[in-house]
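Residue-level structure breakdown
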Amino acid sequence: MIYQKFYVVLLHWEFLYVIAALNLAYPISPWRFKLFCAPPNTTDSSFLSPAGISKNASALSGAYEAAFEANLNASSVYVSELSKTIFHCCFGNDRGKNCSVLAGNTEGKTLASMVKALTFHQLGVNWDIECWMKGDLTSFVCHMEPSLKSPFKSYDSKVHLFYDLPEVVGDLPLPLLKNSFQTVQCNCSVRECDCHVPVPRDKLNHSLLMYLEMTSAGVTFQSPLMSVQPMLVVKPDPPLGLHMEITDDGNLKISWDSPTVLLFPLQYQVKYLENSTVIREAAEVVSAPSLLLHSVLPGSSYEVQVRTKRSDGLGVWSDWSLPRVFTTQDVVYFPPKILTSVGSNASFHCIYKNENQIISSKQIVWWMNLAEKIPGIQYSSMNDHVSKVTFSNLKATRPRGKFAYDAVYCCSGQECHHRYAELYVIDVNINISCETDGYLTKMTCRWSPSTIQSLVGSTVQLRYHRSSLYCSDRPSIHPASEPKSCILQRDGFYECVFQPIFLLSGYTMWIRINHSLGSLESPPTCVLPDSVVKPLPPSSVKAEITINTGLLKISWEKPVFPENNLQFQIRYGLNGKEIQWKVHEVFDAKSKSASLPVLDLCAVYVAQVRCRRLDGLGYWSNWSRPAYTLVMDVKVPMRGPEFWRIMNGDITKKERNVTLLWKPLMKNDSLCSVRRYVVQHRTAHNGTWSEDAGDQTNLTFLWAEQAHTVTVLAINSIGASLANFNLTFSWPMSKVSAVQSLSAYPLSSSCVILSWTLSPGDYNLIYLIIEWKNLNEDDGIKWLKIPSNVKKYYIHDNFIPIEKYQFSLYPVFLEGVGKPKIINGFTQDDMDKQQNDAGLYVIVPIIISSCVLLLGTLLISHQRMKKLFWEDVPNPKNCSWAQGLNFQKDMSLHEVMYKE
């Protein structure tokens, strides 16, 4: 190494002091030090030239080098390139009383004596310098302040810092070159300068070489070369978040947040001033970011500051944090606030100070919300001054307006201080429901925070732990849990998705409620994804009404997953806006269809199917897509239509035209449609034949024989109706008169009652036909078929009183249609009565309306008269002269005016 240095000296003689400083650089200590510079006419023998190094090259000999390395201080003499004025600069100790410099004689083996500080104070310029590495490990800072008034302060001064971080090969640094140093300009004010050197993160443990150059009034000061390892002089940022609170056991806890995370542990120094009955000041060093102060009394104040540095003692103390003051109140609650869950127990402690006197704990009583005195059985005295109250099996706090807590008051007898403790009781029984999708790929869990919404400032988080197989009988909160991200939905529920999932692994999960007062956790629940499967809905659902049997048949295909046996549920009903559903259960896992009876075979039914595991685990699937039945013929019509006839032609002739009339068959009777109607004829001579009426509801034929029987059949796509009505036209029977009398009485414009009597006789009467028509209009006849045992019938139709109607009653026998009883118009006696009743219906409403109007007029007139004549009647409550008078008793004016 000596030969290497010698070679560098020969090449760079003008920069020899830099090379020599490789092993002689001044080590920067992690505290404040001084730089002294003297003018060139100083005669002190301590200042030798050049730079304390012998002009003989042998000054680099081993003995001379050892002497340099043995001394902690170095000095140098430099020539200013501007004025050629040489100032001698050297480092002193931390108090600045003297300065040690290295000098050499002609042999290069002697050391200069100590230079007294007075010389520098009188002739030189002194600087206080402090260097450190910033707490965020991004830059190295040197801070300079002049210790005396500088004679050059009136001139512009500039300070530059030259630095280099040489690469290290093995244990030796590479040789320095003159141009290897980089320069930063320092930021200076009147009294101080700050220099910032950027240091890469990967070179924090390298040696940083640097020197200062200060120029003022044309004179340049240069410091000796300095060496420092940045990692050893770190100055952390001051702690933040200084906080003080009374702990549950009545101590004062001072806590703070550590500065930015560093690569080494920290220690902390806490200084505090306590002002209570006795003023106490102290400083303590701790390794944790908190400190407990014991025996806290009401009415005390504490001023606290904290600083930090490396725990191994290296580096620089940080600046003190901003002071924080904490004052205890006259009534001290500890803890001042409690956050707990339903069913738990909680206790408050209290120290009560009244007019500089601490109340005995036996005289303290407790109140809840200043409305309910807490029973004394819940009190206990911890010592002479500390009282305790305990609440057991707590119920959830009911919010009162903006207050989401119960106020617990500590009182002295009947006197209560306005301060109180706060009790928050939250119901943490949160139901977490999970379901696995039908593809068995993910599990979705939902839960509602409704029970904890009153706790303002809280955050909620779902945490879980997955076991390797199945769930335990008693799930518990596992210390190795993981948080799960959940998204708040519009319905107020949180939703969390687990994907991928392990079907047979037990997922133990719970809700953690975080709050500034602490954290609560809901009871854990364990979920097995395989047991909460919500299958896919059945597919290929079809619905139809079966032909001939007339049942609603519903078929489906089971989903692929899960592979467990499934049960099915069918709901069906008549299609419409509001479907009245009926439900049918199918427990046979192999079933793929079900047939159900329905009332209306000709209506459109809608059906859906869903499924779930047969063992009851998991959830019902969603309903399948709806399937609709088609309206189609399922059976032959239940019966043919009822029909009647209209006779045309001369009644004296033996041939007459008969027109058959029938009403369209309803769906319930036609099952479910009618394609055509067929009229069958039977006579004694011509036998039987049929006529196709198509979809018409009338047919005309010629009645020419003694007896003619007709039947109307309804035909759909399956066949003809089986039960049909027959009607026989017989000349002999048309002369049989079975109806003795017929009367028609109008009840209203929409209802007429017909009554009749039948003649006694031995004949087989099947049913009766009522026929009526308006004689003033040619709108055809209307008819009704009624049972034979009925004696009167109400006809509902639109009847006009001024019109004339004809009513006919036909007896129908098995042998044929008998002679009708015909009346034209209503029965006369009843018509007169109806007209009288009609007049009454008009007069009565008019009379009632007049009475109501008259009554209203009288009431209004009464109120107006009362205001007109009784406006000045005195109120005894407002008039002193009227008090004591009985206005319900007859009194003379003299008695009223001159009452005693």
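Below is a summary of the structure that appears in this document.

Reading the values: the criteria
Residues numbered from 1 in each chain as written. Predicted model: local features only at pLDDT ≥ 70, side-chain atom pairs only at ≥ 80, totals over all residues. Heavy atoms only, no water. Helix = DSSP H or I, 4+ residues; strand = E, 2+ residues; numbered from the N terminus. Buried < 20%, exposed > 50% of the residue type's maximum accessible area, 1.4 Å probe, protein only. Areas by Shrake-Rupley, 256 points an atom, 1.4 Å probe, with all protein chains shown as cover. Contact = heavy atoms within 4.5 Å. Patch = residues over 30% accessible without salt bridge, like charges linked within 9 Å, V, L, I, M, F, W, Y side chains within 5 Å. Salt bridge = Lys/Arg side-chain N within 4 Å of Asp/Glu carboxyl O. Disulfide = S-S within 2.5 Å. Pairing = 2+ DSSP bridges. Axes fitted to C-alpha atoms, helices over the stretch in contact; angles between N-to-C directions. Polar contact = N/O pair within 3.5 Å; in protein donor to acceptor, adjacent residues only side chain to side chain.

Moving on: the overall build of the protein. Within the protein, the secondary structure is distributed over seven helices and 66 strands. Looking at the protein as a whole, 42% of its 900 residues qualify as buried. As displayed, the protein offers around 50,300 Å² of accessible surface, 53% of which is attributable to carbon and sulfur atoms.

Tracing the backbone through its elements, the reader meets Gln267 in strand β21 (residues 266-275). On the accessibility criterion, Gln267 (16% relative accessible area) is buried. With 41 residues separating them along the chain, Gln267 and Thr308 place their C-alpha atoms 5.6 Å apart. In contact with Gln267, not counting residues within four places along its chain, are Val285, Val286, Arg307, Thr308, Lys309, Arg310, Ser311, Gly313 and Trp317.

A grouping of Ile547, Leu630, Met632 and Ile718 is seen on the molecular surface, where their side chains present a nonpolar patch of about 380 Å² in accessible area. Examined against the element boundaries, Leu630 turns out to sit in the loop between β52 (627-628) and β53 (643-648). Take Leu630: its relative accessible area is 65%, and that puts it in the exposed class.

So, on to the state of the cysteines. For the structure on display, the rule yields nine disulfides. The disulfide bridge from Cys411 ends at Cys416, spanning 1.8 Å between sulfur atoms. With the S-S bond torsion at 100°, the cross-link from Cys411 to Cys416 turns out right-handed. A sulfur-sulfur separation of 1.9 Å characterises the disulfide bridge that pairs Cys486 with Cys496. On the sign convention where negative means left-handed, the S-S torsion of about 100° between Cys486 and Cys496 marks this disulfide as right-handed.

A few words now on unusual backbone geometry. The peptide bond linking Phe334 to Pro335 adopts the cis configuration, its omega dihedral lying at 0°. For Pro335, the location among the structural elements is in the loop between β26 (331-334) and β27 (337-341). The phi dihedral of Leu440 is positive, around 60°, even though this residue is not glycine. Considering the arrangement of structural elements, one finds Leu440 in the loop between β37 (433-436) and β38 (443-447).

In this section: the pattern of salt bridges. Within the structure shown, the criterion is met by 14 salt bridges. We note a salt bridge from Lys235 to Asp319, for which the minimum N-O separation is 3.1 Å. With Lys235 in strand β18 (residues 234-235) and Asp319 in the loop between β24 (301-310) and β25 (324-327), this residue pair connects regions lying 84 residues apart in the sequence. For Lys235, a relative accessible area of 12% puts it in the buried group. Lys592 is the salt-bridge partner of Glu557, the closest N and O atoms lying 3.7 Å from each other. Residue Glu557 is found in strand β47 (residues 551-557), and its partner Lys592 is found in the loop between β49 (582-586) and β50 (593-597); the two are separated by 35 residues along the sequence. Under the relative-accessibility criterion, Glu557 is labelled partly exposed at 35%. The structure contains a network of salt bridges with shared partners spanning Arg446, Asp491 and Glu495.

Strand order in the open sheet formed by four strands is β56-β55-β58-β59, with antiparallel pairing between adjacent strands. Each edge of the open sheet carries a strand with a single partner, namely β56 (687-694) and β59 (726-730). Averaged over all pairs of adjacent strands, the angle between strand axes in this sheet comes to 20°, irrespective of strand direction. Where strand β58 (residues 707-715) lies against β59, five bridges are found, and the strand directions are antiparallel. By the bridge assignment for β59, His708 is matched with Phe729.

Attention now moves to the side chain of Asn716. With respect to the secondary-structure elements, Asn716 resides in the loop between β58 and β59. Relative accessible area serves as the criterion here: at 4%, Asn716 is assigned to the buried category. Within the structure, Asn716 has its side chain in polar contact with the backbone nitrogen of Ile718 (distance 2.9 Å). Discounting chain neighbours no more than four positions away, the residues touching Asn716 are Asp633, Lys635, Val636, Pro637, Ser670, Leu671, Cys672, Ser673 and Arg675.

Another aspect to go through is the side chain of Glu422. Relative to the assigned elements, Glu422 resides in strand β36 (residues 421-426). At a separation of 2.6 Å, a polar atom in the side chain of Glu422 contacts the side chain of Tyr424. Not counting chain neighbours up to four residues away, the residues in contact with Glu422 comprise Pro336, Lys337, Ile338, Phe348, Tyr405 and Asp406.

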